[in-house]
Amino acid sequence: MGVKSWLRNFKTEIGPTLKELKFMIGRIKKSPLSVMGVGILAFFIAVALLAPVLAPPGHPSQRGDSYRMPQSGWAAEPQPPDENHPFGTTQWQYDIYYGTIWGTRTALRIGFMVVGGALAVSLLIGCLAGYYGGIVDELLMRFTDIIWAFPGLILAMALITVLGPSLDSIVIALVLVGWPSYARVIRGQILRVREEDYVEAAKAVGCSDFRVIWKHILPNSIYPIVIMASLDIGAVVLTAAALSFLGLGPRPGYADWGQMISFSRAYIYKNAQDPLGYWFTWTIPGIFIFLFVLGWNLLGDAFRDILDPTQRRR
Amino acid sequence: MSKLIEIQDLVLRFYTYEGVVKALEGVNLFVKKGETLGLVGETGCGKTMTGLSIFSLIPAPGQIEGGKILFKGEDGIQELLSSDERTLMSIRGKNISMIFQEPSSALNPVYTVENQIAEVFLHHRRGELVKSALEGLERDIQDGDTGSLKGFIYGLERKIYNRMSEKPNSLSLKLLSKIPIVNMYQGRLKEAVRKEVVKILREMEIGDPERVADMYPHELSGGMQQRVVIAMALSCNPMLLVADEPTTSLDVTIQAQILSLIKRLKKEYGSSILYITHDMGVIAEICDRVAVMYAGSTCEVADVIELFKDPLHPYAKALLESIPRPGKEFKSIIGTVPNLIDPPSGCRFHPRCPNAMEICSKAKPKMIEIKKDHLVACHLYSRHTK
């Protein structure tokens, strides 16, 4: 009886979730673009998970750090693909294949950490400002405006320079630059939902402020931000690649798509006979970045159709 | 019969950019135990604000400037306006609850009916539900053999539920309930809640409560939504139910159903009702007594039959005459509702009043009892009592 009742509980517990999941998958299947987005991201996540299998670390030049690209020699000129290096090598002979595979992990980490961090900061600030209003709102939103007033990339560069160039600095700087746009949207949404009758009803039932915000206001106001965030993961990775390209990224040799492109800066044009002789140095990391951003953008659109409960059951 | 709630000289102001809106200026009324008091008046006269004041849920620029709201709850008479938020939170929903005008917006679109009602149950009647879950568990233990694994699980469950009933606010349990798979111990509690939810939905004359419990608000019709809202309001068996025009947004047949439902439930649950409406027909249908409001103050309080037969205040008279009837000429009240930023001096009705006297623009009339249980605030009658 005991085990059975637990199984039954498990079923009732998990049943609605499974039903929703089925529904979501059904919705995704209906739109070819969403399928593509999901497919691309599934590919990247698989690559990230299988990185140690696809590109086993252990090359002596890595010195035990699997995020360091293996280096065969110090020659400046990139070498075209051969059997040891399927995608060729960059300047200073870093392996492009290894770099792109492990760079997927870096990209996903940057994307999730930056967007997650920015969401956390903006949720806190947006909720406080939107729900309490008055002087709290005024102070928090003017502070947001101040951050907003700086050109994002320049402020991020300044912050990274202060913190010292590294991957963590890029993440921190992008969080600090990225949250105002979310905070504004969250505040606006909360201002709208706050006036709804069901919020009043929740208060009339005796809910605390925290509960009202967490259980009644946020579920009704979070969808635009979830969509924004999923669209932004791609953009964030692009910005991080740009910063890394400018030399503000991790130390040389770290598996990071932006840095790999920055390595090919001097090797875009080979010579008059073979102008595109070094194509592999910038095309291959470029394609990875391109597909990654495209995948997130398509998924963001899919999320919009799926997640909003007021729009979904049409 | 004793007074359940009494509002004395309630004054509410809104501090807006255009000026101070004197929304409520001396509202006096009381609701006795087990009766239905109708609060009637035209749009914008402060009916809803009076209702919300009882919950201390006045929207942002509004402030209660004076008056008292005395509530006779389980532990003696409480003054609600000076109570702290914690006491209010335990009273709201449990002792006093509200039915809203627009059922479609009073329900949260992201939760199923079951979840919405369950929230109220878990907020105010958790202890009771834990106890019933515990009883079910004890039964299971006695019935089933206590084999090694089952016995172990039962033992764990019993420990958790005992702790739940002893220390409802324990932090470790709160953390435990957030861990997936482990938090399945809540299944029993959820089952107990579901039983209660289905029971109360059946009370609301909902045909298929099991199915409706799993539906989202937008899948229900207006009448059904209002039944769910009423179920939420009644789920803790409140002493006072504030019904803010619960039938205004429904069509007439559904309105009749909801009214008879409220009537029946009032008898069964023994709650008092403060019924806010602008519809005299509904008042005649459902109320025991009526309070007439005009521009932020109560002007006449009387028994419902008494008021319809013998209205005293000129506004109440005009209001009753303005009900369209076949074969009778339609009379409207001359003039418009005053701007509450700059209301008329003295009696606020005097610019529109056919019986206005000199004193009416100077002094605000006091509420006086003309006959037994028939109160009126008008200078016409103050002479008689002197």
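Residues numbered from 1 in each chain as written. Chains lettered and ligands numbered in written order. Predicted model: local features only at pLDDT ≥ 70, side-chain atom pairs only at ≥ 80, totals over all residues.

Enquirer: I'd love a proper account of the overall build of chain B, names of residues and values included.
Expert: Scanning chain B from N- to C-terminus turns up 15 helices and twelve strands. Oriented by its inertia axes, the alpha-carbon framework of chain B measures out at about 90 × 45 × 45 Å. Within the span of chain B, comprising 386 residues, buried residues form 40% of the whole. Intrachain contacts of chain B at a sequence separation of at least 6 include 66% that bridge at least 24 residues. (Helix = DSSP H or I, 4+ residues; strand = E, 2+ residues; numbered from the N terminus. Buried ≥ 20, exposed ≤ 12 C-beta atoms within 10 Å, placed from the backbone. Contact = placed C-beta atoms within 7 Å.)

Enquirer: Give a detailed account of the sheet that holds strand S2 (residues 20–32) of chain B, specifying residues and quantitative values.
Expert: Residue and element names in this part refer to chain B. Strand order in the open sheet made by the four strands is S2-S1-S4-S5, with antiparallel pairing throughout. The sheet terminates laterally at S2 and strand S5 (76–79), the two strands that pair on one side only. Here the strands of the sheet are splayed against their neighbours by 5° on average, with no regard to which way each runs. Lying on the sheet, helix H1 (residues 47–55) is in contact with strand S1 (3–15), S2 and strand S4 (62–73); it crosses S1 at an angle near 110°. (Pairing = 2+ DSSP bridges. Axes fitted to C-alpha atoms, helices over the stretch in contact; angles between N-to-C directions.)

Enquirer: Can you lay out the domain arrangement of chain B for me, pointing to particular residues and giving the numbers?
Expert: Residues and elements named next belong to chain B. What the domain assignment lists for chain B is domain 1 (1–109 + 237–386) and domain 2 (113–197). Between the C-alpha centres of domain 1 and domain 2 there is a distance of 43 Å. With four residues of domain 1 at the contact, the number on the domain 2 side is four residues. Of the residues belonging to the side of domain 1 that touches domain 2, the class tally is one nonpolar, two polar and one charged. (Domains from an automatic or database assignment. Nonpolar A, V, L, I, M, F, W, Y, C, P; charged D, E, K, R; others polar.)

Enquirer: Break down helix H7 (residues 167–194) of chain A for me, with residues and values.
Expert: Taking 1.5 Å of rise per residue, the 28 residues of H7(A) would be expected to cover 40 Å, and the 39 Å separating its terminal C-alpha atoms lies within 8% of that figure. Residue Trp179(A) marks the point of greatest curvature in H7(A), where the axis turns by about 35°; the proline Pro180(A) follows within four residues. (Expected span 1.5 Å × (residues − 1). Bend = angle between axes of the 7 residues up to and from the residue.)

Enquirer: Break down the nonpolar core for me, with residues and values.
Expert: Core analysis: the largest hydrophobic core is formed by 172 residues, its most contacted members being Ile170(A), Leu174(A), Val237(A), Leu274(B), Val292(B) and Cys299(B). With 14 residues, helix H10 (residues 223–248) of chain A is the single largest residue contributor to this core. Residue contributions to this core reach at least three from each of two domains, namely domain 1 (1–109 + 237–386) and domain 2 (113–197) of chain B. Judged by nonpolar contacts, the second largest core, of nine residues, contains Ala55(A), Met69(A), Tyr94(A) and Ile101(A). (Core = buried A, V, L, I, M, F, W, Y, C linked by C-beta atoms within 7 Å.)

Enquirer: With reference to specific residues and values, describe the packing of helix H2 (residues 32–49) of chain A against helix H4 (residues 96–132) of chain A.
Expert: All names here are of chain A. Relative orientation of the contacting elements H2 and H4 amounts to 110°, with a least axis distance of 8 Å. With respect to each other, H2 and H4 are oriented roughly perpendicular. For the pair H2 and H4, the crossing hand works out as left-handed. Note on element contacts: H4 touches H2 through Ile 101, Thr 104, Arg 105 and Leu 108, opposite Phe 44, Val 47 and Ala 48. Partitioning the contact of H2 with H4 into residue classes produces five nonpolar, one polar and one charged. (Parallel < 35°, antiparallel > 145°, perpendicular 65-115°, else oblique. Left-handed = near helix turned anticlockwise from the far one by under 90°.)

Enquirer: An account of the sheet that holds strand S11 (residues 368–371) of chain B is requested, with residue identities and associated values reported.
Expert: Residues and elements named next belong to chain B. Taken in spatial order, the eight strands line up as S6-S7-S8-S3-S9-S10-S12-S11 in an open sheet, and their pairing is mixed. Edge positions in the sheet fall to strand S6 (96–99) and S11, since each has one partner strand and no second. Across the sheet, the mean angle from the axis of one strand to that of its neighbour is 25°, orientation sign disregarded. Two strands pair when backbone bridges link them, and S11 and strand S12 (residues 374–376) are joined in this way by three bridges, in the antiparallel orientation. If you follow Ile 368 over to S12, its bridge partner there is Val 376.

Enquirer: How would you summarise helix H9 (residues 209–221) of chain A if you had to cite specific residues and measurements?
Expert: Side chains of residues three or four places apart in an α-helix project in the same direction, reflecting 3.6 residues per turn. Looking at H9(A), one finds that the buried residues are Ile213(A), His216(A), Ile217(A), Leu218(A), Asn220(A) and Ser221(A). In this structure, the buried residues of H9(A) make contact with H4, H7 and helix H8 (197–205) of chain A.

Enquirer: Tell me about the environment of Tyr15(B), residues and numbers included.
Expert: Residue and element names in this part refer to chain B. Inspection of the secondary structure assignment puts Tyr 15 in strand S1. Taking the C-alpha atoms as reference, Tyr 15 lies 33 Å from Ser 272; in sequence the two are 257 residues apart. Dropping the residues within four chain positions of it, Tyr 15 is found in contact with Val 20, Pro 61 and Gln 63.

Enquirer: Tell me what's going on with the pairing of strand S7 (residues 240–244) of chain B, and back it up with residues and numbers.
Expert: Residue and element names in this part refer to chain B. For S7, the buried fraction is high: five of the five residues fall into the buried class. Here S7 shows no split at all, with Leu 240, Val 242 and Asp 244 on one side and Leu 241 and Ala 243 on the other all buried. The pairing of S6 with S7 spans four bridges and is classified as parallel. Considered in S7, the bridge of Ile 99 is made with Ala 243. Bridge count for S7 against strand S8 (residues 272–277) is five bridges, and the pairing is parallel. By the bridge assignment, Val 242 is partnered in S8 with Leu 274.

Enquirer: Outline the pairing of strand S9 (residues 289–294) of chain B, supporting the account with residue identities and numerical values.
Expert: All names here are of chain B. With six of six residues buried, S9 lies mostly within the body of the structure. Bridge count between strand S3 (residues 36–40) and S9: four bridges; the pairing is parallel. Each bridged residue has a counterpart across the sheet, and for Gly 38 the counterpart in S9 is Val 290. From the end of S9 to the start of strand S10 (residues 297–303), which pair antiparallel, there are two residues, and Ala 295 there has a positive phi angle of about 45°.

Enquirer: If you had to explain the packing of H7(A) against H9(A) to someone new, which residues and values would you point to?
Expert: All names here are of chain A. Between H7 and H9, the least distance of the axes is 9 Å, while the angle of their chain directions is 120°. Classified by the interaxial angle, the pair formed by H7 and H9 is oblique. When the axes of H7 and H9 are compared, the crossing they make is right-handed. The residues of H9 that touch H7, namely those facing Ile 186, Gln 189, Ile 190, Val 193 and Arg 194, are Ile 217, Asn 220 and Ser 221. When its residues are assigned to classes, the contact of H7 with H9 shows four nonpolar, three polar and one charged.

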